[in-house]
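# Structure at a glance
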Amino acid sequence: MKRVRKGLLFTIVVLLVLLVVATGAFAAPKRVLIVVMDQMHPEYAKQYNMTNVLWLMNNGANFQNAIVGDMASETVVSHNVMVSGMLPKNQGWSDEAFRDTGGVLSAAYPARTTDMYVTGDLGYSDFAALVAAGGYKKLGTYLHEATPGSTVACVGEKSYQVRSMTAGSSDFGVFLGSTKNATNGGDPALISLLGGAYRAPGGAPSTGAVPTYITGDTRFTINSDPNNDYGTLTTSPAWIYPEDGDRMVPGYIEGHLGGDNWVADATMAIMKNTAGTANDWSGLFVNFGAIDKSGHMWGGGEADNLKTYNWDPNNWLDNMTHESFIAKNADNQLGRLIGTLKALGEFKDTLIVVTADHGSTAATRHFYGNDAQGAGDFNWYWGNSATDGDYYATPVAEMSPAIQTLLGNSTVGGNISFSYQSTGIETWLKSFTMPEKKAAAKVMRTVPGVIATYVKADDGSAYILDSAKTKTKMTAAEKGWWKSHAQMLVNTMAWSGSADVVGLLADRTSYGAFGDHGGAQKDVQRVPMIFYNPSLMTAQRGAEIHTVDIMPTVMKAMGIAVDPAAKIMDGKAYMLATK
Ligand SMILES: [Zn+2]
């Protein structure tokens, strides 16, 4: 009898285990929420007491040595890398400017005088055309196949971020549309209600694609009056890239909070309105853009401190343009998303990814742009673009003296078609034979802050080191990072449309805004990277994961097989151990 009962007990235990497995206690997550904390350094989690990020770091799979892993380290590049698994060189654009060598956009801009494009000016259809020409399959398409009829959407403050990420795969994207005021068709009632110029939701592919529970709710219309600048318009260095009403801060207008609060509310509206319907969401890609705005203005991190800027640590609302407030607020908004997942019963089946699209470096050593009101765009861009004619072609004499070293050079200045400078300098030439590229690189070696120069191989497949013995000497720390990472990083943007000549910049050096990104510096490259689901093992991982690895890793965790007919992804899948 005893033996029989033991056997019976064993059988019952086995059946119970099988039942637990079959009922999905450890089932793979069926949704993915990617939250991009724009420009967030991993250190911010502790520095600004971001308790939700810290909880995820301590309870999820936390990659402590994650880096962007590609160039240019910019918003409009990184977001599509994350949801395509393709490196910048293979996604159709690799920088905030590119040469449309394939003529993908030529029909859309018949009056153009150049084939140089600035991504910030592109519409949804332009990004969709570039993605289609790239021939790759994005995460949204896989999610739609895994859960037919499900909703995949992108949310963020910035149009170019949302358009590029949505393009060719997600159902819709929602961002803050263009500014409306009394002279361009603004609604007088909304101008009165919000105290000036305002922004209503805009969308990708078009505003009409955004559900009416967002476009029809005036909660999502916010103040965006340039006069509502929180002092940033008249204070250096923030005035280089000042606030624009409540676009990137919550503001004081009850019921119409802007910035990351707006992004969280729009995301929660999608969660709540699709829950339990045939169109229940399977992918939400969210950008919290406020950390980035503050970082550009004041430098972020150690640069944005009480001693330097005399802000009041006990009065958060008055200090809302500063990192200390805005990073904590971004974390609070992440907490609201997690709370909504729990309230809807979706927490267990959602894979949460928290990361950043790039870090930043503060120009505390050298700021080489013009430190003047609204100087940002003219510091960053120089040249003609197909979308804006000569909007970016500031007279060379009005550019900062540092970049005039290159643009105004008597030998190569006349051959420069376009130059983009942030924490790296990328330059496109009108005529780009190897001798011409080398001549420009030789001048680039003398440009202030440049620590290494590269020319693009004639077949476009790689960058060739021109010199690491430039006018600006590398520090020992810079040299270590440069040796282990620089060649790999510049090569990720090598294709026919990328810059002909590249200058990498020293740490704590910038040409665009006071806090900036775009280059290969360690501070600019390092990002947080956390994957969380209750079924995953808690793990502090040392592997140097890159943003291009996010999509294959997410697919593996969700049990979605790679389509053998699709273009092979550049990223690799990391195995996330399950409990
Ligand atoms: Zn960004």
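Residues numbered from 1 in each chain as written. Predicted model: local features only at pLDDT ≥ 70, side-chain atom pairs only at ≥ 80, totals over all residues. Heavy atoms only, no water.

Turning next to the coordination of the zinc ion. Bound to the zinc ion are the protein donor atoms Asp38 (OD), Thr75 (OG1), Asp357 (OD) and His358 (NE2), situated 2.0 to 2.1 Å from the metal. One can describe the site at the zinc ion as tetrahedral: its four donor atoms subtend angles covering 101 to 132 degrees at the metal. All donor residues of the zinc ion come from one chain, and their arrangement in sequence is D-x36-T-x281-D-H. With Thr75 in helix α4 (residues 75–82) and Asp357 in the loop between β11 (350–355) and β12 (361–362), this pair connects stretches of sequence that are 282 residues apart. (Donors = N, O, S within 2.8 Å, 3.2 Å for Na, K, Ca; no water. Tetrahedral: all angles 85-135°; square planar, octahedral: opposite > 155°, others 65-115°. Helix = DSSP H or I, 4+ residues; strand = E, 2+ residues; numbered from the N terminus.)

What follows concerns the nonpolar core. Judged by nonpolar contacts, the single largest core of 108 residues is most densely connected at Met37, Phe285 and Phe531. Every residue in contact with Met37, bar those within four places of it in the chain, is listed here: Met50, Val53, Phe288, Ile291, Ala330, Asp331, Leu334, Val354, Thr355, Ala356 and Asp357. Among the nonpolar cores identified, the runner-up in size contains 27 residues, and Val490, Met493, Leu504 and Ala520 belong to it. (Core = buried A, V, L, I, M, F, W, Y, C linked by side-chain atoms within 4.5 Å. Buried < 20%, exposed > 50% of the residue type's maximum accessible area, 1.4 Å probe, protein only. Contact = heavy atoms within 4.5 Å.)

This part is about the pairing of β11. Within β11, six of the six residues are buried, leaving the element largely enclosed by the surrounding structure. Taken together, the six bridges between strand β1 (residues 31–37) and β11 define a ladder with parallel strand orientation. Residue Val36 lies in a different strand from β11, and its bridge partner there is Thr355. Note that β11 and strand β22 (residues 529–532) share four bridges and pair antiparallel. By the bridge assignment for β22, Val353 is matched with Phe531. (Pairing = 2+ DSSP bridges.)

Further remarks concern the packing of aromatic side chains. The final tally for this structure, using the stated rule, is 19 aromatic pairs. Here Phe63 and Tyr574 contribute two aromatic rings whose centre-to-centre distance is 5.5 Å and whose plane-to-plane angle is 75 degrees, an arrangement assigned as edge-to-face. Placement of Phe63 in strand β2 (residues 61–63) and of Tyr574 in the segment after α19 (550–558) is noted, with a sequence separation of 511 residues between them. Pair check on accessibility: Phe63 and Tyr574 agree, each one buried. Plain terms: the ring middles of Tyr381 and Tyr392 are 4.9 Å apart, the flat faces sit at 55 degrees to each other, and that makes the pair tilted. (Phe/Tyr/Trp six-rings, centres within 6.5 Å; stacked < 30°, edge-to-face > 60°.)

The subject of this paragraph is the side chain of Asp244. With respect to the secondary-structure elements, Asp244 resides in the loop between β9 (222–223) and α10 (259–274). If near-sequence neighbours (up to four positions away) are discounted, Asp244 is found in contact with Arg199, Asn223, Ser224, Asp225, Pro226 and Asn228.

Attention now moves to the sheet that holds strand β14 (residues 381–383). By way of backbone hydrogen bonds, the strands of a sheet pair with one another, either parallel or antiparallel. One open sheet holds the six strands; their spatial order is β14-β15-β16-β19-β17-β18, and the pairing between them is antiparallel. A strand with exactly one partner marks an edge of an open sheet, and here the two such strands are β14 and β18 (463–467). Direction aside, neighbouring strands of the sheet carry axes that sit 20 degrees apart on average. With five bridges joining them, strand β17 (residues 450–456) and strand β19 (residues 501–505) adopt antiparallel strand pairing. Within β19, the residue paired with Val455 across the bridge is Val501. The strands touched by helix α16 (residues 434–444) are β16 (424–429), β17, β18 and β19; relative to β17, the strand with the most contacts, the crossing angle is about 175 degrees. Along the sheet face, helix α17 (residues 476–491) touches β17, β18 and β19 and points at about 25 degrees away from the line of β17. (Axes fitted to C-alpha atoms, helices over the stretch in contact; angles between N-to-C directions.)

Using the criterion set out here, one finds 17 salt bridges in the structure. In this structure, the salt-bridge partner of Asp244 is Arg199, at a minimum N-O distance of 2.5 Å. Taken together, the residues span a long stretch of sequence, with Asp244 in the loop between β9 and α10 and Arg199 in strand β7 (residues 198–199) at a distance of 45 residues. Classification of Asp244 by relative accessible area gives buried; the value is 16%. The partner of Asp265 in a salt bridge is Arg219, with the nearest N and O atoms 2.8 Å apart. You can see Asp265 sitting in helix α10 and its partner Arg219 sitting in the loop between α9 (212–215) and β9, a full 46 residues away along the chain. With relative accessibility at 13%, the residue Arg219 sits in the buried group. Where salt bridges share partners, they join Lys30, Arg31, Asp280, Glu346 and Asp349 into one cluster. (Salt bridge = Lys/Arg side-chain N within 4 Å of Asp/Glu carboxyl O.)

Moving on to unusual backbone geometry. For the peptide bond that leads from Ala204 to Pro205, omega is -5 degrees, which places it in the cis range. With respect to the helices and strands, the residue Pro205 is situated in the loop between β8 (201–204) and α9. Phi at Tyr230 is positive, roughly 55 degrees, even though this residue is not glycine. With respect to the helices and strands, the residue Tyr230 is situated in the loop between β9 and α10. Given a relative accessible area of 26%, Tyr230 falls into the partly exposed group.

Before going further, it helps to examine the pairing of β16. Counted residue by residue, β16 has six buried out of six residues, so it is predominantly covered. What you see with β16 is no split at all: Gly424, Glu426 and Trp428 on one side and Ile425, Thr427 and Leu429 on the other are buried throughout. Pairing analysis gives five bridges linking strand β15 (residues 416–421) to β16, with the strands arranged antiparallel. Residue Phe418 lies in a different strand from β16, and its bridge partner there is Trp428. Remark: two residues form the turn of the hairpin made by β15 and β16, two consecutive strands paired antiparallel.

A surface patch of positive charge is lined by Lys469, Lys473, Lys479 and Lys483. By the element assignment, Lys469 lies in the loop between β18 and α17. Overall, Lys469 belongs to the exposed group, its relative accessible area being 75%. (Patch = residues over 30% accessible without salt bridge, like charges linked within 9 Å, V, L, I, M, F, W, Y side chains within 5 Å. Areas by Shrake-Rupley, 256 points an atom, 1.4 Å probe, with all protein chains shown as cover. Lys, Arg positive; Asp, Glu negative; His and termini not counted. Charge placed at Lys NZ, Arg CZ, Asp CG, Glu CD.)

Moving on to the environment of Gln373. If you trace the backbone, Gln373 turns up in the loop between β13 (366–367) and α14 (376–380). By relative accessible area, which is 47% here, Gln373 ends up partly exposed. Residues Gln373 and His256 lie 117 residues apart in sequence; the distance between their C-alpha atoms is 28 Å. A polar side-chain atom of Gln373 sits 2.6 Å from the main-chain carbonyl oxygen of Leu233. (Polar contact = N/O pair within 3.5 Å; in protein donor to acceptor, adjacent residues only side chain to side chain.)

For the rest of this paragraph, the subject is the sheet that holds β11. Taking strand neighbours across the sheet as the criterion, the nine strands line up as β8-β6-β5-β10-β1-β11-β22-β2-β23 in an open arrangement whose pairing is mixed. On the outer flanks of this sheet lie β8 and β23 (539–541), each paired with one strand and no other. For this sheet, the mean angle separating the axes of adjacent strands, direction not counted, is 15 degrees. Note that strand β6 (residues 172–176) and β8 share four bridges and pair antiparallel. Its bridge partner being in β8, Val174 is matched across the sheet by Gly203. Of the strands in this sheet, β1, β2, β11, β22 and β23 touch helix α3 (residues 51–59), which is tilted by about 70 degrees from β22.

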